[in-house]
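What follows is each chain in one-letter form.
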Amino acid sequence: MVVLFDVDRTLVGVNCTAALARALASDGVVPWRTVAALAVEQWLYRLRLLPFATLMAHAYALIEERDIARVEATAERVVRHVVMPALLPEAVARIARHRSRGDRVVLASAAPAVVIERVARHVGVDEVIATEYERTGPRFGAVRTPQAYGAGKVALARQAGLLDGEPPHVYTDHAEDWPLIQASGFATLVNPARHLVREVRRQHLAHEVVRWERGGVTATATSEPASPGP
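Conventions used here
Residues numbered from 1 in each chain as written. Predicted model: local features only at pLDDT ≥ 70, side-chain atom pairs only at ≥ 80, totals over all residues. Heavy atoms only, no water. Patch = residues over 30% accessible without salt bridge, like charges linked within 9 Å, V, L, I, M, F, W, Y side chains within 5 Å. Areas by Shrake-Rupley, 256 points an atom, 1.4 Å probe, with all protein chains shown as cover. Salt bridge = Lys/Arg side-chain N within 4 Å of Asp/Glu carboxyl O. Lys, Arg positive; Asp, Glu negative; His and termini not counted. Charge placed at Lys NZ, Arg CZ, Asp CG, Glu CD. Helix = DSSP H or I, 4+ residues; strand = E, 2+ residues; numbered from the N terminus. Buried < 20%, exposed > 50% of the residue type's maximum accessible area, 1.4 Å probe, protein only. Contact = heavy atoms within 4.5 Å. Phe/Tyr/Trp six-rings, centres within 6.5 Å; stacked < 30°, edge-to-face > 60°. pLDDT = per-residue confidence, 0-100.

Got a sec to walk through a positive patch on the surface? Specific residues and values, please.
A cluster of basic residues, R9, R22, R46 and R214, forms a positive patch at the surface. One can find R214 in the loop between β8 (207-213) and β9 (216-223). Owing to a relative accessible area of 49%, R214 belongs among the partly exposed residues under this scheme.

Residue-level account of the environment of L4, with values.
On the secondary structure map, L4 appears in strand β1 (residues 2-5). Assessed through its relative accessible area of 1%, L4 is described here as buried. Taking the C-alpha atoms as reference points, L4 and T172, 168 residues apart in sequence, are found 8.5 Å from one another. Beyond its immediate sequence surroundings of up to four residues, L4 is in contact with V106, A108, A157, L162, P168, H169, V170, Y171 and L180.

Which residues make up the packing of aromatic side chains, and what values do they have?
Any pair of aromatic rings gets described here by the distance separating the centres and the angle formed by the planes. Under the defined criterion, the tally for this structure stands at five aromatic pairs. Plain terms: the ring middles of Y45 and F52 are 5.2 Å apart, the flat faces sit at 55 degrees to each other, and that makes the pair tilted. Overall, Y45 belongs to the buried group, its relative accessible area being 19%. Exposure remark for F52: the relative accessible area of 12% places this residue in the buried category. For the pair F52 and Y149, a centre-to-centre distance of 5.2 Å together with 85 degrees between the ring planes defines the contact as edge-to-face. In this pair, F52 sits in helix α3 (residues 52-60) while Y149 sits in the loop between β5 (139-143) and α7 (151-159), placing the two residues 97 residues apart along the sequence. Y149 matches F52 in its accessibility class, with the two residues each being buried. An aromatic cluster is defined as three or more aromatic residues linked by ring pairs; in this entry it consists of F5, Y171 and W212.

Describe the confidence of the model for the protein, listing the residues and the values that go with them.
Per-residue confidence for the protein averages 93 on the pLDDT scale, and 93% of its residues sit at or above 70. In this model, residues 226-230 is a region of pLDDT below 50 whose contacts with residues beyond four sequence positions or in other chains number nine contacts.

Here's what the structure looks like:
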């Protein structure tokens, strides 16, 4: 079985892109005013006043034209000191369980690959779907398409052959992963918004709803049609 595991708020309790942005500003790679503007846009998105695509376009632009070595050094530090301490224990246990059964586990995140590839190494996952950049000499170039959110995440999964056989088991917290949830055989919704749960139930998609915190799993509710088990 293929298992596609989102990262932000699903595997870890932080936003990897935001954490990277703050660290890049701290390291002098990008201006603090740019990161502050991005924080405002994230707030507007949560209020549904800004499209997710606009938010991500501005977030991705932080890396464009930046020195690759400096960004990678910052990403390594962020993953080690910010992201890894925020791992959700139940998510890590689920990944270990899938791997022990021989499932093909892939981290699938909208965040830049420069972060997600490092997260994957720390949790023992070999494959990643994440947003990539062109590389022009020592600097990152333009962000590549498709980007790893919404329909783009599905397209990247299809390009990687992850949708060729049995529909995957998808773990996500995010309504922007709706196209991937629709393509799944079973979805584990992690701390999801109520409107996402309502829509999944309305369409009778096989799923479970879990409430995970850094201290461990707090509650689980499974809905029909039932899965043979996570």
